Amino acid sequence: MSELKLASEKRLRIFTGRAFPELAEQVASELGIPLTPTSAYDFANGEIFVRFEESVRGSDAFVIQSHASPVNKHIMEQLIMVDALKRASAKRITVVAPFYGYARQDKKHRGREPITARLMADLFKTAGADRLMVVDLHTSQIQGFFDGPVDHLFALPLLANYVGSKVDRSRLTIVSPDSGRVRVAERWSDLLGGCPIAFIHKTRDPRIPNESVTGRVVGDVQGQTCVVIDDMIDTAGTITKAVDALFNEGAKEVIVAATHAVLSGPAIERLRDSKVSEVVITDTLPIPEESHFDRLTILPIAPLLARAIKEVFEDGSVTSLFDGLS
Ligand code: R5P
């Protein structure tokens, strides 16, 4: 028995690319193992070189890389790491992408458009990935694009427990910033004792990227503490327009909770200038010091990733980490 245990401990290996090594270090530390030493650098023309500094033969390899900006470079680096692991005889390769890039294009809105979420899945499969581990995909059905197991983790309990501990639940409304996220709002409501939900009727012109048009609030938010939930804050256009719409409809206070802090371009300025009382996010992506502000709360995602990796490695149950969530 102890020999078996020793053998399996030896096989678990955690690797990191250069997008957010601090997150991988936290995960490895939670698991009580070191990161496998890896060299990575760019050639003069931007091509990437990767080499593992120890044998990885027979390992159960977890390659952690969040698709932070510059997104294309970090995705390519993760693909190259997977390729190197496959060629070095790793036994099983799991791509851990806490923020999975290109997920927003999960269908064709108009003719002659790509489906990049599918392309990403194909690229990882071709490189040699056996499974994917991701946090809060833009839409759940993206799991079906990858031909293999996908461990879809949810930050919802982490975010909802934090928010629930701070607000008066009797005056709470969960707000989806668009009609597509109403199901997630219902899950928040279930976790927080069945509070009412509302949503913003948002329309977007698919020809203009990064630009949302906020419509009306559907639901009664008068005098309520509203929690606007979203998978990501990119330019913060969606979320700050939702905040404005809620105050216009008489909301008393608005909190924003989102999993992925992409925070591109004007995001921080928009959030700072808005009347939102708190922005709660997780650190699936690196958040530079200069983006921090007093109403920003960052919840650590590493413990969840570590628990999920442990379940996968030990052939346990990732679903058990989210009991009660459907
Ligand atoms: C949209 O469908 C997404 O769930 C987010 O609401 C959106 O991508 C956020 O982008 P931005 O912050 O640029 O409005």
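All of these numbers come straight from a predicted model, not from anything done at the bench. (Residues numbered from 1 in each chain as written. Predicted model: local features only at pLDDT ≥ 70, side-chain atom pairs only at ≥ 80, totals over all residues. Heavy atoms only, no water.)

Colleague: Run through empty space enclosed by the protein, naming residues and quoting values.
Modeller: Applying the stated criterion to the full structure yields one cavity of 30 Å³ or more. Volume-wise, the largest cavity comes out at about 50 Å³. Every residue lining the largest cavity is listed: Phe 99, Tyr 100, Ala 103, Val 134, Val 135, Asp 136, Leu 137, His 138, Asp 231, Met 232 and His 260. Going through the elements one at a time, strand E6 (131-135) and strand E11 (225-233) are the ones with two or more residues in the lining of the largest cavity. Classifying every residue of the lining of the largest cavity by side-chain character gives seven nonpolar, two polar and two charged. Counting contributing residues per domain, the lining of the largest cavity is built from domain 1 (2-154 + 303-320) and domain 2 (156-299), each supplying no fewer than three. (1 Å grid on protein atoms, 1.4 Å probe; cavity = no way out; pocket = protein on both sides within 12 Å on 5 of 7 lines; lining within 4 Å. Points joined across faces, edges and corners; volume = space filled by probe spheres on them. Helix = DSSP H or I, 4+ residues; strand = E, 2+ residues; numbered from the N terminus. Nonpolar A, V, L, I, M, F, W, Y, C, P; charged D, E, K, R; others polar. Domains from an automatic or database assignment.)

Colleague: Got a sec to walk through the pairing of strand E7 (residues 150-153)? Specific residues and values, please.
Modeller: Burial along E7 is two-sided: the residues Val 150 and His 152 and Asp 151 and Leu 153 are all buried. Relative to E7, E6 runs parallel, the two sharing four bridges. The residue bridging Val 134 from the neighbouring strand is His 152, located in E7. (Buried < 20%, exposed > 50% of the residue type's maximum accessible area, 1.4 Å probe, protein only. Pairing = 2+ DSSP bridges.)

Colleague: Could you give me a rundown of the site of the ligand, with the residues and numbers involved?
Modeller: In the neighbourhood of the ligand, 14 residues make up the surrounding shell, with Asp 230, Asp 231, Thr 235, Ala 236 and Thr 238 lying closest. Measuring from an oxygen atom of the ligand, one finds a side-chain N or O atom of Asp 231 at 2.6 Å. A distance of 2.8 Å separates an oxygen atom of the ligand from a polar atom in the backbone of Ala 236. Bound to the protein, the ligand loses 92% of the 380 Å² it would expose on its own. Elements with a minimum of two residues in the shell around the ligand: E11 and helix H7 (237-248). With four residues, the single largest contributor to the shell around the ligand is E11. Class assignment for the residues of the shell around the ligand results in three nonpolar, four polar and seven charged. (Near = heavy atom within 4 Å. Polar contact = N/O pair within 3.5 Å; in protein donor to acceptor, adjacent residues only side chain to side chain. Areas by Shrake-Rupley, 256 points an atom, 1.4 Å probe, with all protein chains shown as cover.)

Colleague: An account of the nonpolar core is requested, with residue identities and associated values reported.
Modeller: Counting 42 residues, the largest nonpolar core has Leu 153, Ile 174, Trp 188, Val 227, Leu 305 and Ile 309 as the members making the most contacts within it. A total of eight residues in this core trace back to one element, the largest contributor, which is helix H9 (residues 302-313). Residues contacting Ile 174, with those up to four places away along its chain left out, are Ala 185, Trp 188, Ser 189, Leu 192, Cys 195, Pro 196, Ile 197, Ala 198, Val 227 and Ile 229. Residues Ala 61, Met 120, Ala 129 and Leu 132 belong to the second largest nonpolar core, which totals 31 residues. (Core = buried A, V, L, I, M, F, W, Y, C linked by side-chain atoms within 4.5 Å. Contact = heavy atoms within 4.5 Å.)

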